[in-house]
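Summary of structural features
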Amino acid sequence: MAGEPQADCLFCKIVAGSVPATVVRETETTVAFRDINPQAPTHVLVIPKAHYPDAASLAARAPQLAADVLREAGEVATEDKVAGSGYRIVFNTGAGAGQTVFHAHAHVLGGRGFEWPPG
């Protein structure tokens, strides 16, 4: 069921504290932690504590929670001092787009230049 923890979900395990992560921020509804395979000097994942398989389902079923994730992404950028120079927020939705953990999450990337279009 959407919103309920999934026993086989890595990010649900991080929320529960049974898998370690380098947490940089936590709110009542979100957790932000450093990516284990960073693609930029700042690479933090912001996840809702409730389980939704992807960004589209999160936005459709829990729009306030989706807003919480975006707000926290901005806070991460400010705390990591990349807000002024610019940062990217990425939601990969589906395996074809590179999503490997099927728990909605935003990548906050900053601290280096980014090409457009992304590829």
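For the structure, check the block above.
Read on for an overview of the structure. Quantities reported herein were computed from a predicted structural model and do not represent experimental measurements.

1. Points about the side chain of T30
- Within the secondary structure, T30 sits in strand β2 (residues 30-34).
- You can call T30 buried: its relative accessible area is 1%.
- One polar contact links T30 to T27, side chain to side chain, over a distance of 2.8 Å.
- Excluding its chain neighbours within four sequence positions, the residues that come into contact with T30 are V46, I47, P48, K49, D68, V69 and E72.

2. Observations regarding the environment of W116
- Residue placement: W116 occurs in the segment after β5 (106-110).
- Between the alpha carbons of W116 and A97 there is a distance of 16 Å; along the sequence they are 19 residues apart.

3. Notes on the pattern of salt bridges
- Within this structure, the stated rule accounts for five salt bridges.
- A salt bridge links E72 to R25; the shortest N-O distance between them is 2.5 Å. Placement of E72 in helix α3 (residues 63-79) and of R25 in strand β1 (residues 23-26) is noted, with a sequence separation of 47 residues between them.
- The shortest N-O distance in the salt bridge between R34 and D80 comes to 2.9 Å. Note that R34 is positioned in strand β2 and D80 in the loop between α3 and β4 (87-90), a separation of 46 residues in sequence.
- In this structure D80 comes out as partly exposed when scored by relative accessible area, which is 23%.

4. Quick notes on the side chain of R88
- Turning to its location among the elements, R88 is positioned in strand β4.
- Buried charge without a salt bridge: R88, with E115 as the nearest opposite-charge side chain at an N-O distance of 8.4 Å.
- A polar contact of 3.3 Å, which involves the side chain of R88, links it to the backbone oxygen of E115.
- Not counting residues up to four positions away in its chain, the partners in contact with R88 are H107, V108, L109, F114, E115, W116 and P118.

Thresholds applied
Residues numbered from 1 in each chain as written. Predicted model: local features only at pLDDT ≥ 70, side-chain atom pairs only at ≥ 80, totals over all residues. Heavy atoms only, no water. Helix = DSSP H or I, 4+ residues; strand = E, 2+ residues; numbered from the N terminus. Buried < 20%, exposed > 50% of the residue type's maximum accessible area, 1.4 Å probe, protein only. Polar contact = N/O pair within 3.5 Å; in protein donor to acceptor, adjacent residues only side chain to side chain. Contact = heavy atoms within 4.5 Å. Salt bridge = Lys/Arg side-chain N within 4 Å of Asp/Glu carboxyl O. Lys, Arg positive; Asp, Glu negative; His and termini not counted.

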